[in-house]
Amino acid sequence: MSFDKLAHKPFSIGVELPLDNDWANFKQQSNQSFGIPDLANHESRVQLADELGYVAAWVRDVPIYDSQFGDAAQVYETFSYLGYLAAKTKNILLGTAAVVLPLRQPWLVKKAANTVQALSNDRLILGVASGDRPIE
């Protein structure tokens, strides 16, 4: 779905891809180490969201683990993961929630975003932020 089509919709719903084993109080019920998300079902989940007509799928960008913050963060690199999701989906917009700019080289963010934009046939939503954890 292009931004032009999205602009004509009064309301849309997206999904944030789950990060299993993410919260500090989570009782581990899998073979994964704490904080390492189980991606086994992400492909089928994002494809189902795409088929059901969800507008966007969001991936978190939490580059630095902060044990005081209460969650394990995102251990996978955002743009690489969105490139993978672009190959597995057809229509759903793919968003960053949100790239922490102060911890990244601006030219590399631009290059990575342009790569995902090309791989996804113009489905990237680039969300940026200053970070939400004291360590960032």
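Our subject is the structure that appears above.
Residues numbered from 1 in each chain as written. Predicted model: local features only at pLDDT ≥ 70, side-chain atom pairs only at ≥ 80, totals over all residues. Heavy atoms only, no water.

(A) Quick look at unusual backbone geometry. In this structure, A98 follows A97 across a cis peptide bond, with omega equal to -20°. With respect to the helices and strands, A98 occurs in the loop between β3 (93-97) and β4 (99-100). Notably, N121 is not glycine yet its phi reads approximately 60°, a positive angle. Looking at where N121 falls in the secondary structure, it is placed in the loop between α4 (106-119) and β5 (124-125). Exposure remark for N121: the relative accessible area of 64% places this residue in the exposed category. (Helix = DSSP H or I, 4+ residues; strand = E, 2+ residues; numbered from the N terminus. Buried < 20%, exposed > 50% of the residue type's maximum accessible area, 1.4 Å probe, protein only.)

(B) Region of the structure containing the sheet that holds β3. With respect to topology, 4 strands assemble into an open sheet ordered β1-β2-β3-β5, the strand pairing being parallel. Two strands in the sheet have a free side with no partner beyond their single neighbour: β1 (14-16) and β5. Pairing analysis gives 5 bridges linking strand β2 (residues 56-60) to β3, with the strands arranged parallel. Along β3, the bridge assignment pairs R60 with A97. (Pairing = 2+ DSSP bridges.)

(C) The arrangement of the side chain of R123 in detail. With respect to the secondary-structure elements, R123 resides in the loop between α4 and β5. Although R123 is buried, it makes no salt bridge; D50 carries the closest opposite charge, 5.2 Å away. Reaching out from R123, the side chain makes a polar contact with the side chain of T89 at a distance of 2.8 Å. For R123, the side chain forms a polar contact with the main-chain oxygen of I92, separated by 2.8 Å. (Lys, Arg positive; Asp, Glu negative; His and termini not counted. Salt bridge = Lys/Arg side-chain N within 4 Å of Asp/Glu carboxyl O. Polar contact = N/O pair within 3.5 Å; in protein donor to acceptor, adjacent residues only side chain to side chain.)

(D) Fine view of α4. Taking 1.5 Å of rise per residue, the 14 residues of α4 would be expected to cover 20 Å, and the 20 Å separating its terminal C-alpha atoms lies within 8% of that figure. Within α4 the residues assigned to the buried category are V109, A112, A113 and V116. Looking straight down α4, one finds that the buried residues subtend no more than 100° of arc, so they occupy a single side. α4 presents W107, K110, K111 and A118 as exposed residues on the side facing more than 90 degrees away from its buried surface. For α4, the secondary structure elements touched by its buried residues are α3 (78-88), β4 and β5. Just downstream of α4 lies N121, where phi reads positive at about 60°. (Expected span 1.5 Å × (residues − 1). Arc of directions from axis to C-beta. Contact = heavy atoms within 4.5 Å.)

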